[in-house]
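Each chain, written out:
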Amino acid sequence: MLKRYLSVVAAGVVAGCFAVSGVAQGRQLTNEDYARAEKFMGYNVNSLVYHGVARVTWMADGRFWYRDFGPDGLTLMVVDPAKGTKAPAFDHVKLANALTAAVKGAVKVSPQHMTTLTEMTFSDGDKTVVVGNGSRKFRCDLSGAGVCTELVAAGAKATSGEAASAAAHGDLSPDKTKAAFIRDWNLWVRDVATGKETQLTTDGVKDFGYATDNAGWQTSDNAILVWSPDGKKIATFQQDQRKTGEMYMVPVTNGHPELKAWKYPLVGDKDVTMIERVIIDVEKAKVVRLKMAPDQHRSTLCDDVSCRGGSGWDDVQWSADGKTLAFVSTSRDHKQEWMRIADASSGDVLDVMGEKAAKFFESGNGKVNWKYLSKTNELLWFSERDGWGQMYLYDAENGNLKQKITHGEGNVTQVLHVDEAARKIYFLGVGKEAGRDPYFSHFYSIGFNGKDMKLLTPENADHAVTVSQDGRYFVDVYSTATEPQTTVVRDDSGRVVVEVAKQDITKLVASGWVPPVPITVKARDGKTDLYGYMFKPTNFDASKKYPIVNSVYPGPQTGSCGGRGFAAAHRDWQSLAELGFVVVCIDGMGTPWRSKAFHEFYFGNLGDNTIPDQVAGMKELAAMYPWIDIDRVGMYGHSGGGNATAAAMFHFPDFFKVGIAESGNHDQRDYEDDWAEKWNGLLTTNADGTTNYDSQANQYVAKNLKGKLLLAHGSMDNNVPMNNTLLVVDALIKANKDFDLLIVPNVAHGYAEASQYMTRRRWDYFVKNLAGDVPPHEYEMKSYTAVTAAMRSGPGDFDQQR
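Residues numbered from 1 in each chain as written. Predicted model: local features only at pLDDT ≥ 70, side-chain atom pairs only at ≥ 80, totals over all residues. Heavy atoms only, no water.

> Describe the pairing of strand E2 (residues 64-70), with residues and values.
For E2, the tally of buried residues reaches seven of seven residues, placing the bulk of the element in the interior. By the alternation rule, side chains of E2 split into Phe64, Tyr66, Asp68 and Gly70 and Trp65, Arg67 and Phe69, which are all buried. For strand E1 (residues 53-58) and E2, the ladder comprises four bridges, and the chain directions are antiparallel. Bridging across to E2, tryptophan 58 finds its partner in phenylalanine 64. Once E1 ends, the chain turns through five residues before running back antiparallel as E2, passing glycine 62 with a positive phi of about 95 degrees. (Buried < 20%, exposed > 50% of the residue type's maximum accessible area, 1.4 Å probe, protein only. Helix = DSSP H or I, 4+ residues; strand = E, 2+ residues; numbered from the N terminus. Pairing = 2+ DSSP bridges.)

Written out as structure tokens, the structure is:
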């Protein structure tokens, strides 16, 4: 029956997608109405914001560079805090011409749009600059007319792409003389100057390779490893996936499809990916296996063993002399951590200390916060054991607690700098300033002794901080959702030493843009404050009634609303509001940045999805504002938000009238093991055959559907496999329920070229089924090519998620 049903979906759409039940037809919307809404999408409004500071990058000489987007395009700026100067990094026209000549005109580099440059190093009194984009590098002499020469690793070809970057450049040693890379599941090292390659391991094979990166839902060609400070040793692992189960997909083709298969462990699998930790002596090509059992493929913080996608290994740190290696092992369920130190020569491992959490352990928010202080044989450790994220000081020899460093309400989120000589920590924190938005991030310093905590960023705003390599200065970019960025450089005492830039939104405001409205509502318990944003049409009329649409992401690793800094566009929320809706996001209980109790609120019951909080919040808003029509409520979300949307439609069928569930992980047992086992615990089966995962499985409650539901998924989704949505489809068919389905062929978790189509269909679906209006026929949005070009050439960095 399911096969027959899907045969109707040849173009990805089930017929009758706009059949209306119980909604009177209202006004006819025009192409002009949709164009006015699309005007507020990020790819149209970001370019109306000038002089925001993006991609701050500190250099070894104590200066930093950043991207400044102005009316004429991009300018790469260099700031010297010690001298208090700010100037363009170089003659942009000269560099653009030189780069164009270096590639023999294959690409015409625009001086105002060098947005792909991610690396910049100066020498010869700034007359020479090395620039790169991650896969190609050029040394440019700008003293005369300007000449650029491509730098190709000796013995490597000048190619582009992630694999080429990994092979050609590799993971550089601290002195940048050697580059480590993977070839045929083994680790190699290349002498950067001569190109000589040395094979470091020889027994790596498919599914049991060295330094390989595979989290099930994400993979990389980059090697996961950590060089010792002297560049003589490498810490890495041999990843064992030989018994790990596989995921399978086939593309939509006009002929025999090619099977895509990869290792993808699922919740409850007996055999999952493991790692065997090793230390490699680079000069001797000698592998020392640590004397311990294989470790789980886990991090103290994120889904992957590396939180940075193959560009580092967060839970592994060398001693200053390279003789010992500190690392943290994490249990499969993320409840237990073991802090260990290994002897790099012998492989002996010492268990220093550990911590067990009742529900889940995390080492920070967005950053692993523990640090090995080898010179004093101490350890900085992050824990939420008192209900908040705090820092502690331990003796690394015996594992004894020496000092609780931070205290009180509010969380340490990210330790950005440790001054070992002055015995000070510099960290980002939230919720420590009374009377302010608890999601605003501020920067603090405090002594190891727990005394003299100082607020270094006093403004009542969200602060994005980037610290210099020596810790003497930091760049502070602060803003709110309603107030644009101000950027300054401060010294380590918080004193402003350089006024860098003020974001100019004059042109944005002139376009008709209005900021979102910050909202505070009570949670389901009637006591806990929840925070979010509300978006209203720019032609808002308080005498009218507006349907309300909730854009949801339930977490638990993040929330619905994203960062608290300034953005010209927040996804498509303002655009959707322009079509006649009030749009809200609310960060419900069970999401991060608040107390430990708040974050773990629905641990073990992922089916909660914060929906009771969303309902309570919207009802409160409707009681406050009579222009909200609480009888017409819609919801939509992607991934976890797609799961939450379907759950809302099934668990609250009389409240939610319309839902759009995109790429939802509707049953975590069909999702990769690491994510769900952290938030819901290990799979357990009861005597009656029920499990602790039943309450989160949307297919079990699909029979409750009453409203209009659109399910969408990409057919080649390697993050949340399409089977997640088809489970719900099967249940809805068996329950004889009407619903709508959109399958996008050959796209992954994001919809790529079909993103614009999905957005238009989303708007149409709410306009037709929630507002009761008639959308224009097949409105043509800006092409995906034009959108990506606009986001590359303009200040797209402003629309960030924390």
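> I'd like a description of the sheet that holds strand E25 (residues 336-343), backed by residues and values.
Read across the open sheet, the four strands follow the order E23-E24-E25-E26; overall the sheet is antiparallel. Of all strands in the sheet, those with a lone pairing partner are strand E23 (316-318) and strand E26 (349-356), marking the two edges. Ignoring which end each strand starts from, the neighbouring axes of this sheet average 15 degrees apart. Taken together, the seven bridges between E25 and E26 define a ladder with antiparallel strand orientation. (Axes fitted to C-alpha atoms, helices over the stretch in contact; angles between N-to-C directions.)

> Before we move on, could you go through the state of the cysteines and cite the residues and values that matter?
Enumeration according to the criterion identifies three disulfides in this entry. At a sulfur-sulfur separation of 2.1 Å, the disulfide partner of cysteine 140 is cysteine 148. On the sign convention where negative means left-handed, the S-S torsion of about 110 degrees between cysteine 140 and cysteine 148 marks this disulfide as right-handed. With relative accessibility at 9%, the residue cysteine 148 sits in the buried group. Here cysteine 302 pairs with cysteine 307 through a disulfide, and the sulfurs are 2.2 Å apart. For the disulfide bridge between cysteine 302 and cysteine 307, the dihedral angle about the S-S bond is near -100 degrees, and by the sign convention the bridge is left-handed. (Disulfide = S-S within 2.5 Å.)

> Describe in detail the side chain of arginine 332, supporting the description with residues and values.
Along the chain, the position of arginine 332 falls in the loop between strand E24 (324-330) and E25. According to the relative accessible area criterion, arginine 332 is buried, its value standing at 16%. If sequence neighbours within four positions are ignored, arginine 332 has contacts with Leu266, Gly268, Asp269, Lys270, Val272, Gln296, Arg298, Glu677 and Leu682. (Contact = heavy atoms within 4.5 Å.)

> Quick rundown of the pairing of strand E45 (residues 708-714)? Include the residues and the values.
Of all seven residues making up E45, seven are buried, and the element is well covered by its neighbours. Looking at chain direction, strand E44 (residues 658-662) and E45 are connected through five bridges and run parallel. Looking at the pairing, glycine 659 lines up with leucine 709 of E45. Read from E44 through helix H11 (residues 673-680) to E45, the crossover connection turns out right-handed. In terms of strand pairing, E45 meets strand E46 (residues 740-744) through five bridges, oriented parallel. (Right-handed = clockwise from strand over helix to strand, strands pointing away.)

> Can you tell me about the nonpolar core, naming the residues and giving the values?
Phe650, Phe656, Leu711 and Leu732 are the most contacted members of the largest nonpolar core, which has 48 residues in total. If one sorts the elements of this core by residue count, helix H12 (residues 723-734) sits on top with six residues. Residues Tyr43, Cys585, Tyr636 and Met781 belong to the second largest nonpolar core, which totals 37 residues. (Core = buried A, V, L, I, M, F, W, Y, C linked by side-chain atoms within 4.5 Å.)

> Run through the packing of aromatic side chains, naming residues and quoting values.
Applying the stated criterion across every chain, the model contains 25 aromatic pairs. Ring geometry for tyrosine 34 against tryptophan 763: centres 5.8 Å apart, planes inclined by 70 degrees, an arrangement best described as edge-to-face. Of this pair, tyrosine 34 sits in helix H2 (residues 31-38) while tryptophan 763 sits in helix H13 (residues 755-769); the two residues are 729 residues apart in sequence, bridging distant segments of the chain. Judged by its relative accessible area of 0%, tyrosine 34 falls in the buried class. Note on tryptophan 763: relative accessible area 0%, which makes it buried. A network of ring pairs unites the aromatic residues Phe540, Tyr546, Tyr625 and Trp627 as a single cluster. Positioned over the ring face of tryptophan 188 is arginine 183, at 4.7 Å from the centre of the ring. Directly above the ring of tyrosine 392 sits arginine 385, whose terminal nitrogen or CZ lies 4.3 Å from the centroid. (Phe/Tyr/Trp six-rings, centres within 6.5 Å; stacked < 30°, edge-to-face > 60°. Lys NZ or Arg CZ within 6 Å of the ring centre and 35° of its normal.)

> Could you give me a rundown of the environment of threonine 194, with the residues and numbers involved?
When you line up the elements, threonine 194 lands in the loop between strand E11 (186-191) and strand E12 (197-199). Residue class for threonine 194 comes out exposed when judged on its relative accessible area of 58%. Spatially, the C-alpha atoms of threonine 194 and lysine 178 are 9.9 Å apart, while their sequence positions differ by 16 residues.

> Tell me about helix H10 (residues 640-651), and name the residues and values.
If you check H10, its first and last C-alpha atoms are 16 Å apart, about what 12 residues at 1.5 Å a residue would give, namely 16 Å. Here H10 lies mainly inside the structure; 11 of its 12 residues are buried. Looking at H10, one finds that the buried residues are Gly640, Gly641, Gly642, Asn643, Ala644, Thr645, Ala646, Ala647, Ala648, Met649 and Phe650. (Expected span 1.5 Å × (residues − 1).)

> Can you tell me about the environment of asparagine 46, naming the residues and giving the values?
Relative to the assigned elements, asparagine 46 resides in the loop between helix H3 (42-45) and E1. Note: C-alpha distance between asparagine 46 and lysine 86 (40 residues apart in sequence) is 24 Å.

> Kindly report on the environment of glycine 681, identifying the contributing residues and their values.
Among the structural elements, glycine 681 can be located in the loop between H11 and E45. Among the residues examined, glycine 681 registers a relative accessible area of 6% and is labelled buried. Apart from residues lying up to four places away in sequence, glycine 681 is in contact with Phe603, Ala676, Asn692 and Tyr693.

> Any chance you could break down the packing of H2 against H13 for me, citing the residues and the numbers?
Relative orientation of the contacting elements H2 and H13 amounts to 120 degrees, with a least axis distance of 13 Å. With respect to each other, H2 and H13 are oriented oblique. For the crossing formed where H2 meets H13, the hand is right-handed. Every residue of H13 that contacts H2 at Tyr34, Ala37 and Glu38 is listed here: Gln756, Arg760, Trp763, Asp764 and Val767. (Parallel < 35°, antiparallel > 145°, perpendicular 65-115°, else oblique. Left-handed = near helix turned anticlockwise from the far one by under 90°.)

> Outline the sheet that holds strand E3 (residues 73-80), listing residues and values.
Neighbouring strands of a sheet are bound in pairs by backbone hydrogen bonds; such pairs are parallel or else antiparallel. Within the open sheet, the four strands sit side by side as E1-E2-E3-E4. Their pairing is antiparallel. Pairing within the sheet leaves two strands with one partner each, and these edge strands are E1 and strand E4 (85-88). In this sheet, neighbouring strand axes are inclined to one another by 25 degrees on average, regardless of whether the strands run parallel or antiparallel.

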